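# Structural features, examined
Chain by chain, the residues:
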Amino acid sequence: MHTKTMEGLAGASMNMKILNTPFRVYKEAERRGDTAVMERAMGYVSDFAAKAKDYQKEAEKGMEEDREEAREKAKEAQEDAIRKRREEREEMEKRIEESRSEDTDTVNIRKSEKAVLDEKSDSKQNGTYDGKSVEEKTDAIKMASVMYTKTGEAARPESGMKISISV
């Protein structure tokens, strides 16, 4: 809260409270019929009422200044947010540009090569590759198993020999 606003509100409040005293004196003088005291009391009432209005105007000026400051702060915050968004966008554009400018490999596939790739992918889906089924390849791997000696040489298993391993 602005200083003028606080001062204006406090001054108006105090003058309105003080105004009650001369107004009470006015009412007592009116009951007694004392016009001189009534006039003096009304003079005080009007003085305090005028001071209360002055303080009220000061409070209004202070509130207007508070509104202006709040508007300026909101505008600055909005401008900061816009600036930050622009910086972030520029950084993102730089990153995108850097990623585009890096050395990248591109693959160009001709129609004839694409047809060959399509045939191979079809054969993989059917479970065959290079004309051989997956089962035939696993049988070939089983038949070509080799055992190694402690020195690292390949040892061929004898034809009638059975190997058992216990753990």
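Considering the arrangement of structural elements, one finds T5 in helix 1 (residues 3–32). At 3.3 Å, the side chain of T5 and the side chain of D66 are in polar contact. Apart from the residues lying within four places of it in its own chain, the contact partners of T5 are A59, G62, M63 and D66.

On to the nonpolar core, then. For soluble globular proteins, the rule of thumb is that nonpolar side chains tend to be buried together. In this structure, Y26, A29, V37, M38 and A41 together form the largest nonpolar core, which totals 5 residues. Breaking this core down by element, the ones donating at least two residues are helix 1 and helix 2 (35–101). Of all the elements, helix 2 adds the most residues to this core, at 3 residues. Here A41 is in contact with P22, V25 and Y26, once residues within four sequence places are set aside.

Judged by side-chain polarity, M1, M6 and L9 come together as a nonpolar surface patch covering roughly 350 Å² of accessible area. By the element assignment, M6 lies in helix 1. Judged by its relative accessible area of 47%, M6 falls in the partly exposed class.

Here is what the cut-offs are and how they apply
- Residues numbered from 1 in each chain as written.
- Predicted model: local features only at pLDDT ≥ 70, side-chain atom pairs only at ≥ 80, totals over all residues.
- Heavy atoms only, no water.
- Helix = DSSP H or I, 4+ residues; strand = E, 2+ residues; numbered from the N terminus.
- Polar contact = N/O pair within 3.5 Å; in protein donor to acceptor, adjacent residues only side chain to side chain.
- Contact = heavy atoms within 4.5 Å.
- Core = buried A, V, L, I, M, F, W, Y, C linked by side-chain atoms within 4.5 Å.
- Buried < 20%, exposed > 50% of the residue type's maximum accessible area, 1.4 Å probe, protein only.
- Patch = residues over 30% accessible without salt bridge, like charges linked within 9 Å, V, L, I, M, F, W, Y side chains within 5 Å.
- Areas by Shrake-Rupley, 256 points an atom, 1.4 Å probe, with all protein chains shown as cover.
- Salt bridge = Lys/Arg side-chain N within 4 Å of Asp/Glu carboxyl O.

By themselves, these are just geometric observations and shouldn't be taken as functional.
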